[in-house]
Amino acid sequence: EKEDGAKVVRVENLHNPYVKQSEFDWRFRLTLNKLYAWKLVDYERVVMLDADNLFLQKTDELFQCGQFCASFINPCIFHTGLFVLEPSMEVFNDMIHQIEIGRSNPDGADQGFIGGYFPDLLDRPMFHPPSNGTKLDGFYRLPLGYQMDASYYYLKLRWSVPCGPNSVVTFPSAPWLKPWYWWSWPVLPLGIDWHKQRLKTLGYSAEMPIVFIQAIFYLGIIAVARLARPNLSKLCYRREEKSVFLIQTGFKLIAIWSIFAAYAVPFFFIPFTVHPLVGWSVYLLGSFSLCCVAINAFLLPMLYVLVPWLSIVNALLVMAYPWYPDGIVRALSVFGYAFCCAPFLWVAFVKILSSLQVSLEREAFLPRLGENASPAGFNKLY
């Protein structure tokens, strides 16, 4: 608001009476707030946008469209991720009235409500902006190029939308694969394009201090784990008895869970909207550092503990490979790599369990419960 001079209009959340519908998606409970766009009567035309739109070129001609214009991603239902409207208090009040009387809404969100409010848009003419810059009246369908579904790109790994200018990309994918999340690339190739645009505009100054602190912290863990290895592995006294079977089993579970945590924990501490190259680098550094702690604490073979780490690195390279002829070959390559990688992960798991069992048999990790003094001839494990 201060840096860009944007005029921010703050509104109260509209009550959504459709939240009690069966199969209602709770993340859409506030999307009816889009209706406030019809109250912006200080403007002749408004282009309403979702946050997951990526502009490839200028679309100033949209302001020449009529009272309501939207594009059809679905052949029969227009998409409300981008639409053009003429503000009107009369239309806004009528929409609120329709909500209050319980107008039918299939999905309980803005998509279902606005789609039902303009039911005959499919029969309207296609929008072609007049060359003289005049504004049109009426209702129009926008060419598909103004709301290109990212899935069209993934099929051919290039755009092939012949009708209208290829102007705006939308990402109606799973919520956790939106392009602003660092893990969305290279899982979905277009994620990097989103971050290229962000790098030119907002940048990453808000997230980078946290990233630097995490990187230094993980490097410190690696150094400490290496220097403190004797103290980490010197856990207890030798004791070979069948009575400690449950304790040994619990010890193995702790070791396995520590490895799992080494790969899971760093994921949740990285700022979600950081650049993918930075995010994946910090994740790999963090998982490697925590794996070092598990390796040194439980005397595990480094190669087998790092097999998942190496698998993740190679999977990223397979997904980021830029010369696939189309999306089908890319998907088959990823599935083929996963199929070939699975046996190595299983062998690594078996080898880790075998290593833990050997360590427990040679130098038991846990003393007899309640015994304080070291037994004669005990052997410390270093």
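Per-chain numbering applies: the sequence of each chain, read as written, is numbered from 1 onward. Local features in this predicted model are restricted to residues of pLDDT 70 or higher, and side-chain atom pairs are both shown and tallied only at a pLDDT of 80 or more, whereas totals for entire chains, interfaces and linings draw on every residue. Water and hydrogen atoms were dropped before computing side-chain values, which therefore reflect all heavy atoms in the structure.

- The name an unreviewed UniProt entry gives the protein is Glucuronosyltransferase PGSIP8, with Erythranthe guttata as the organism.

1. Thoughts on the UniProt feature "transmembrane region" (unreviewed entry) in the protein
Point 1. The sites that carry the UniProt feature "transmembrane region" (unreviewed entry) are, in the present numbering, residues 208-228, 249-274, 280-299, 306-324 and 330-353.
Point 2. Strands are runs of DSSP state E lasting at least 2 residues, helices are runs of H or I lasting at least 4, and numbering of each runs from the N terminus. With 81% helix and 0% strand, residues 249-274 has end C-alpha atoms that lie 40 Å from one another.
Point 3. What you have in residues 330-353 is 100% helix and 0% strand, and the ends, taken at the C-alpha atoms, are 35 Å apart. UniProt positions are given in the numbering used here, feature names are shortened, and annotations may be inferred rather than shown by experiment.

2. So, the sheet that holds strand 3 (residues 68-71)
Point 1. Strands were regarded as paired on the criterion that DSSP finds at least two bridges between them. Read from one edge of the open sheet, four strands run 1-4-3-5, paired in mixed fashion. Both edges of this open sheet fall to strand 1 (46-49) and strand 5 (139-142), since each of them pairs with a single strand only. On average, adjacent strands in this sheet sit at an angle of 20° to one another, irrespective of strand direction.
Point 2. Sheet topology note: the strand 3/strand 4 (residues 82-85) ladder contains three bridges and is antiparallel. Its bridge partner being in strand 4, Phe68 is matched across the sheet by Leu85. Fitted lines through C-alpha atoms give the axes, limited to the stretch in contact for helices. The angle between two N-to-C directions lies from 0 to 180 degrees.

3. Points about the state of the cysteines
Point 1. By definition, disulfides here are pairs of cysteine sulfur atoms that lie within 2.5 Å. Considering all chains together, one arrives at one disulfide under this definition.
Point 2. Covalently, Cys65 is tied to Cys69 through a disulfide, its sulfur atoms 1.9 Å apart. Torsion about the S-S bond of the Cys65 and Cys69 cystine: about -105°, corresponding to left-handed handedness.
Point 3. Left unpaired, Cys340 is separated from the closest cysteine sulfur, that of Cys341, by 8.6 Å.
Point 4. What makes Cys341 buried here is its relative accessible area of 9%. Only protein chains enter the accessibility calculation, which uses a 1.4 Å probe; a residue whose area is less than 20% of its type maximum is buried, one above 50% is exposed, and one in between is partly exposed.

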